[in-house]
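# Structure at a glance
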Amino acid sequence: MRSTEASTPEAGPGRAAPPGPLAAHLGAVWGNLLPFLVLGVAWEAIVRMQVFPPILMPSLLDIGGTAVRMAMDGSLFNHVGSSVLRLLVGFVVGAVAGVGLGMAMGQSQRVERFFLPLLSALMPIPGLAWIPLFILWFGLGDGATVGVIIFSVVLPVAFNTWTGVKSANPVWVRAAESMGCRGRQLFFKVVLPGSLSMIFTGLRIGLSQGWRALVAGEMLSSPDWGMGFAIFDSRQFLATDVMLVMVMCIGFTGFLIVTVLFGWLEKRTVVRWGMLQEVGA
Amino acid sequence: MAAVSIRGLTKEYVQDDRRVIAVSNVDLDIGDGEFVCVVGHSGCGKTTLLNILAGFIEPTTGTITFGDGGGPRQGDIGVVFQEYALFPWRTALGNVEFGLEMRNVPPAERRRRAQAFLELVHLGHAASTFPHQLSGGMRQRVAVARAMAYEPALMLMDEPFGALDAQTRERLQSLTEEIWQKTRKTVFYVTHNLAEAVYLADRIVVMRPNPGRIHEVIAVDLPRPRDALSPAFVALQRHITEMIRDDRGTGDEKH
């Protein structure tokens, strides 16, 4: 008889489930795939009914062909790569600044008093609203786009980090202090891990807002490459197949970054620590 | 030799333009290796006293002197809190190692010592478990190990088992007795459970509210381990119950 003590945490409920892990996994994959299959069939039906002229609404086969062609000539990867690069630069800068600002606000009342009104006033403004201004200031191209991504990332990250520090259990700090922990150690060993789940929340929001800012920024600031640019540029040639390929790439890349990367990070930290229920679990 | 000497300790604060005396003129010596329990109803100042000893709050007047002549120093006391205070991001072992880390004990040595203290609370098998996977009683056992692992001069326990169910609570009381017999730590233990105090204490400090003060200090001369159903045990418990019967419902405990 297996002990019910928590010394065997690997014997979780997932393992005891009757269908077995592989069948359960395949079932989950099928459950996620089904809506897309239905959507595809519906799309094809509308195409066949010729609701729109074929040039405006290409069939899935044409879209697939365009994707293959763009992959073969490399333009697909150039567009995706340039966008992801811009996003990463803007996101990393914005995230570091946002976590730093949020932490400073959580630790110091004076910093909090100064920045909180600013954050509250700026948060509701969509990052996109700044794009024309940023283009005038930083010129067409990467500067304006990366700038608006940074701007879109900093605010939610700072706000959630600040909330996380504020709502971290004060008894953790007391316990640490009673064991002689203070200063930098208190910050890195207690305050930071204690607010990590809220920091992740901020990073997720920041990333999805930065992602939107990226696409819009590319549409308006006309760089040479980029998924947003490709979509906007294609309208001149009625290249709806290219538009759709790019839209799908945006969706897929965003999914990979947000769900796969963050899911992976969270599973190894806050979910493992029981500080956050796994999203969708 | 007294491990801790408290002299003329008073804590006042102002609430709604009213002066509140949380603790008034407390004198108390805690002997080296002594188990002292503090009892009393809410508002009698027992938690305030513990928080002052822990260095979490400053007294208004009065002094606290440790055996070596110093005042209260964080890092030389071990605190077990009523609420769950383990770090969720650390395993049971990692939690117990924390205090040793603060003393720059090398990793191999601190792992060995932390493991030894986990075994002292019968949780050697749960070293790599995270707190959220442990039951409430197990968490408090890890918390006890964590507060002891760096050999503090004084252990402060603030109703450590108050949130647990009766059976778990009883098991942990006898575990506490067993550990104390082995280690002979100096313990300052706050509780509102009189049976717990009579079971554990060398001396019971009875406090009463308005203002919070020491009413009486009672030496418990019953042989250990104590039988909670023996006539002497029951008589002492009744004696203290009657002493503080009229103090109930005098307000919330102030921290």
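Keep in mind it's a predicted model, so treat the numbers as computed, not measured.

Residues and elements named next belong to chain B. Tracing the sequence through the fold places Thr183 in helix H5 (residues 166-183). Looking at Thr183, the relative accessible area reads 28%, which means it is partly exposed. Along the sequence, Thr183 and Gly33 sit 150 residues apart, while their C-alpha atoms lie 8.6 Å from each other. If sequence neighbours within four positions are ignored, Thr183 has contacts with Leu120 and Met148.

With 26 residues of chain A in contact, the opposing surface of chain B contributes 29 residues. Overall, the association of chain A and chain B removes approximately 2,400 Å² of surface from exposure, summing both partners, and the carbon and sulfur fraction of that is 64%. It is Arg174, Ser178 and Met179 of chain A that lose the most area in chain A upon contact with chain B, and together they represent 28% of the buried surface on that side. Counting the contacts that link chain A with chain B gives one salt bridge. Between Glu101 of chain B and Lys189 of chain A there is a salt bridge, with its nearest N and O atoms 2.5 Å apart.

Right, let's talk about the sheet that holds strand S3 (residues 35-39) of chain B for a bit. Residue and element names in this part refer to chain B. Read across the sheet, six strands follow the order S5-S6-S7-S3-S8-S9 without closing on themselves; strand pairing throughout is mixed. Unpaired on one side and paired on the other, strand S5 (77-80) and strand S9 (213-219) mark the two borders of the sheet. Pairs of neighbouring strands in the sheet enclose a mean axial angle of 20°, with direction left out of account. Alignment of S3 against strand S8 (residues 203-208), held across four bridges, turns out to be parallel. Across the sheet, Val38 pairs through a bridge with Val205, a residue of S8.

With that settled, consider the packing of aromatic side chains. Throughout the structure, instances matching the rule amount to 18 aromatic pairs over all chains. Aromatic rings pair up to connect Trp130, Phe134, Trp137, Phe138 and Phe151 of chain A into one cluster. Just above the ring of Phe87 of chain B sits the side chain of Arg146 of chain B; from NZ or CZ to the centre is 4.7 Å. Here the basic side chain of Arg184 of chain B rests over the ring of Trp180 of chain B, its NZ or CZ set 4.2 Å away from the ring centre.

In this section: the pairing of strand S2 (residues 18-31) of chain B. All names here are of chain B. As judged from the ten bridges shared by strand S1 (residues 2-15) and S2, these two strands associate in the antiparallel manner. Its bridge partner being in S2, Ala2 is matched across the sheet by Gly31. Linkage of S1 to S2, two consecutive antiparallel strands, is achieved through a turn of two residues, within which Asp16 is found at a positive phi near 50°.

What follows deals with the packing of helix H11 (residues 227-234) of chain A against helix H12 (residues 240-268) of chain A. Residue and element names in this part refer to chain A. Relative orientation of the contacting elements H11 and H12 amounts to 160°, with a least axis distance of 9 Å. Considering the angle they form, H11 stands roughly antiparallel to H12. Here the hand of the crossing between H11 and H12 comes out left-handed. Residues Met227, Ala230, Ile231 and Ser234 of H11 lie in contact with H12, whose contacting residues are Val242, Met243, Met246, Val247, Cys249, Ile250 and Thr253. For the contact of H11 with H12, a count of residues per class yields nine nonpolar, two polar and no charged.

As a further point, take the nonpolar core. Met246 of chain A together with Val4, Leu118, Leu156, Phe188, Ile204 and Ile240 of chain B are the most contacted members of the largest nonpolar core, which totals 143 residues. Considering each element in turn, this core owes the most residues, ten residues, to helix H10 (residues 196-221) of chain A. Listed in part, the six residues of the second largest apolar core include Leu101, Leu155, Ala158 and Trp162 of chain A.

A few words on the confidence of the model for chain A. On average, residues of chain A score 86 in pLDDT, and 91% of them are at 70 or above. Ignoring residues within four places in sequence, the model shows residues 1-17 of chain A, a span with pLDDT below 50, making 13 contacts including any to other chains.

With that settled, consider the pattern of salt bridges. A full pass over the atoms with the stated rule returns 18 salt bridges over all chains. Shared partners join several salt bridges into a network, and the residues in it are Arg86, Asp142 and Glu218 of chain A.

Here we take up the side chain of Thr240 of chain A. Residue and element names in this part refer to chain A. By secondary structure assignment, the location of Thr240 is in helix H12. Within the structure, the side chain of Thr240 is placed 2.6 Å from the backbone oxygen of Ile55, a separation counted as a polar contact. Dropping the residues within four chain positions of it, Thr240 is found in contact with Ile55, Leu56, Met57 and Pro58.

What counts, and at which threshold
Residues numbered from 1 in each chain as written. Chains lettered and ligands numbered in written order. Predicted model: local features only at pLDDT ≥ 70, side-chain atom pairs only at ≥ 80, totals over all residues. Heavy atoms only, no water. Helix = DSSP H or I, 4+ residues; strand = E, 2+ residues; numbered from the N terminus. Buried < 20%, exposed > 50% of the residue type's maximum accessible area, 1.4 Å probe, protein only. Contact = heavy atoms within 4.5 Å. Buried area = accessible area lost by both parts, 1.4 Å probe. Salt bridge = Lys/Arg side-chain N within 4 Å of Asp/Glu carboxyl O. Pairing = 2+ DSSP bridges. Axes fitted to C-alpha atoms, helices over the stretch in contact; angles between N-to-C directions. Phe/Tyr/Trp six-rings, centres within 6.5 Å; stacked < 30°, edge-to-face > 60°. Lys NZ or Arg CZ within 6 Å of the ring centre and 35° of its normal. Parallel < 35°, antiparallel > 145°, perpendicular 65-115°, else oblique. Left-handed = near helix turned anticlockwise from the far one by under 90°. Nonpolar A, V, L, I, M, F, W, Y, C, P; charged D, E, K, R; others polar. Core = buried A, V, L, I, M, F, W, Y, C linked by side-chain atoms within 4.5 Å. pLDDT = per-residue confidence, 0-100. Polar contact = N/O pair within 3.5 Å; in protein donor to acceptor, adjacent residues only side chain to side chain.

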